[in-house]
Amino acid sequence: QVQIVESGGSLVQPGASLRLSCVVSGFSSDDYLIGWFRQAPGKEREGVSCIRTRDDATHYADSVKDRFTISRDKAKNTVYLQINNLKPADTAVYYCAAPAYITQLMLDDYEYDYWGQGTQVTVSS
């Protein structure tokens, strides 16, 4: 069974950087999609970025492409989301997720089947 565990969220000041981690287990082959999503208080869940393990192809939402970087450590089965120059608007619960079969790069949350528990990022002075 696929399991996803996020970590790395914290309370930080504006301008700080964080690297979130997503440990994935249960896939039988190294060909799947991992996406990062976030949900701020009172707002809908928003796709942030995704990476395909087969070729490390990536995709970013337009709103975060300038400050966010997704990457992967194959040996550790871990996907990272590096966030630089954090802003108060980045405050949200950040989720890592994976579709069961789809490997097309996309950030449609309803197409993702497996979800982590979320990790809280709070940006405040």
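Report on the accompanying structure. Everything quoted here is computed from the prediction, not taken from an experiment. (Residues numbered from 1 in each chain as written. Predicted model: local features only at pLDDT ≥ 70, side-chain atom pairs only at ≥ 80, totals over all residues. Heavy atoms only, no water.)

## Description of the nonpolar core
Stage number 1. Counting residues in hydrophobic clusters, the biggest one holds 35 residues, and the most contacted among them are Cys 22, Ile 34, Trp 36, Leu 81, Tyr 94 and Tyr 112.
Stage number 2. Looking at this core, the elements that each hand over two or more residues are strand E3 (18-25), strand E4 (33-39), strand E5 (46-52), strand E7 (68-73), strand E8 (78-83), strand E9 (92-98) and strand E11 (119-123).
Stage number 3. Top element by residues in this core is E9. It accounts for five residues.
Stage number 4. Those residues in contact with Tyr 94 that sit more than four places away from it in its chain are Glu 6, Leu 20, Trp 36, Phe 37, Arg 38, Phe 68, Leu 81, Ile 83, Gly 118, Thr 119 and Val 121. (Core = buried A, V, L, I, M, F, W, Y, C linked by side-chain atoms within 4.5 Å. Buried < 20%, exposed > 50% of the residue type's maximum accessible area, 1.4 Å probe, protein only. Helix = DSSP H or I, 4+ residues; strand = E, 2+ residues; numbered from the N terminus. Contact = heavy atoms within 4.5 Å.)

## Remarks on the environment of Ala 16
Stage number 1. By the element assignment, Ala 16 lies in the loop between strand E2 (11-12) and E3.
Stage number 2. In this structure Ala 16 touches Ile 83, Asn 84, Asn 85 and Leu 86, once residues within four positions along its chain are discounted.

## Quick notes on the packing of aromatic side chains
Stage number 1. A full pass over the atoms with the stated rule returns six aromatic pairs.
Stage number 2. A centroid spacing of 4.0 Å and a plane angle of 5 degrees characterise the contact between Phe 27 and Tyr 32, whose relative ring orientation is stacked.
Stage number 3. Consider the rings of Phe 27 and Tyr 114, whose centres lie 6.2 Å apart with planes at 85 degrees: the pair is edge-to-face. Within this pair, whereas Phe 27 is found in the loop between E3 and E4, its partner Tyr 114 is found in strand E10 (residues 114-115), the two being separated by 87 residues in sequence.
Stage number 4. A network of ring pairs unites the aromatic residues Phe 37, Tyr 95, Tyr 112 and Trp 115 as a single cluster.
Stage number 5. Here Arg 45 stacks its cationic end above the ring of Trp 115, 4.0 Å away from the centre of that ring. (Phe/Tyr/Trp six-rings, centres within 6.5 Å; stacked < 30°, edge-to-face > 60°. Lys NZ or Arg CZ within 6 Å of the ring centre and 35° of its normal.)

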